[in-house]
Amino acid sequence: MGNYLHNLRRRRRKRLAELEPSDQRVAVIGLGRFGSSLAYELTRRGWDVLGIDTSHQLVQRVSDVLTHSAVADCTDPEVLQQLGVHEFTSAVVGIGSDIEASILIASNLLEAGVPNIWAKAISRQHGQILERLGVHHVVLPEHEMGERVAHLVTGRMLDFIEFDDDYALVKTVAPEIATGVPLGESAVRSKYGVTVVGIKRPGQDFTYATAETVIEKGDVVIVTGKTHAVESFAELS
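Computed from a prediction, not measured in an experiment: that's the story for all the values here.

Cut-offs applied
- Residues numbered from 1 in each chain as written.
- Predicted model: local features only at pLDDT ≥ 70, side-chain atom pairs only at ≥ 80, totals over all residues.
- Heavy atoms only, no water.
- Pairing = 2+ DSSP bridges.
- Helix = DSSP H or I, 4+ residues; strand = E, 2+ residues; numbered from the N terminus.
- Contact = heavy atoms within 4.5 Å.
- Axes fitted to C-alpha atoms, helices over the stretch in contact; angles between N-to-C directions.
- Salt bridge = Lys/Arg side-chain N within 4 Å of Asp/Glu carboxyl O.
- Buried < 20%, exposed > 50% of the residue type's maximum accessible area, 1.4 Å probe, protein only.
- Lys, Arg positive; Asp, Glu negative; His and termini not counted.
- pLDDT = per-residue confidence, 0-100.

On to the sheet that holds strand β10 (residues 207-208), then. Pairing is antiparallel in the open sheet, where 5 strands are placed in the order β7-β8-β11-β9-β10. Each end of this open sheet is capped by a strand with a single partner; those strands are β7 (157-162) and β10. Sheet strands touched by helix α9 (residues 227-235): β7, β8 (167-173), β9 (194-200) and β11 (220-226). Its angle to β11, the strand with the most contacts, is close to 150°.

Set out below in structure tokens:
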């Protein structure tokens, strides 16, 4: 790891002087299925990604794709310092199965002053601990995917995304009650408590909905509103 650290620190010093306001650097700690998938996608989007794991095999698997990679144990705060993670504006703790390691690494990142920390949790209790530590963003991918699929299986939705404040975004086939008149004249918002934000006709791309938009039978719509409201609206399809 010595040559890597020397070269990384040299590049860090050079880039700090050139750093733009929108710093697109992120450290992803834990390169299992969640971490590696996230790291690949961030790299594809042009981000400077440092991938870290204790497994030589996992690091080797991503080394040709990511900007930087290192075999290291980030439960040791000195390792984070040596890797320069404290200079990053964003870090992701992708470790889920080893809760103790997840908590220690999150604590180290907070102590290092990383301003934007994301962490994967494998249970609500794990997530609550991370939140109490001060982790800025906690995700429960298995739980959230389970909820999403449950909505798709039990309802008439084509896609479903729920937000923390009990709001949701739903993709569904437009119910007949919403067709035939401009949205500005319909009672969709006042009667059903949802807002149509997008519309797609067969064979066409999605477009933004306006007050003049007339939904036709067979159109797919994107609606947003309180979770119970969008669920009820989708059931009208």
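What follows picks up the thread again.
Next up on the list: the sheet that holds strand β2 (residues 48-53). Pairing between the strands of a sheet comes from backbone hydrogen bonds, and it takes one of two forms, parallel or antiparallel. Taken in spatial order, the 6 strands line up as β3-β2-β1-β4-β5-β6 in an open sheet, and their pairing is parallel. The sheet is open, and its two edges are formed by β3 (68-71) and β6 (137-139), each paired on a single side. With strand direction ignored, the average angle separating the axes of adjacent strands in the sheet is 15°. Sitting on the sheet, helix α2 (residues 33-44) is in contact with β1 (25-29), β2, β4 (90-93), β5 (116-120) and β6, with an inclination near 165° to β1.

Counting across every chain of the model gives 4 salt bridges. R45 serves as the salt-bridge partner of E41, at 2.8 Å between the closest nitrogen and oxygen. Bridged by salt links that share partners, the residues E41, R44 and R45 form one connected network.

Quick look at the environment of R201 now. With respect to the helices and strands, the residue R201 is situated in the loop between β9 and β10. R201 sits 14 residues away from I215 along the chain, and the two C-alpha atoms are 8.9 Å apart. In contact with R201, not counting residues within four places along its chain, are V214, I215, E216 and D219.

Within the fold, D53 resides in strand β2. One buried charged residue, D53, remains without a salt bridge, the closest side chain of opposite sign being R61 at 9.2 Å. Dropping the residues within four chain positions of it, D53 is found in contact with G30, L31, G32, L58, V59, A70, V71 and A72.

Further remarks concern the confidence of the model for the protein chain. A residue-level look at the protein chain finds 90% of positions with pLDDT of 70 or above and a mean pLDDT of 86. Considering only residues more than four positions removed or in separate chains, one finds that residues 1-9, a stretch of pLDDT under 50, has 14 contacts. This model gives residues 12-21 a pLDDT under 50, and the stretch forms 12 contacts once residues within four places in sequence are excluded.

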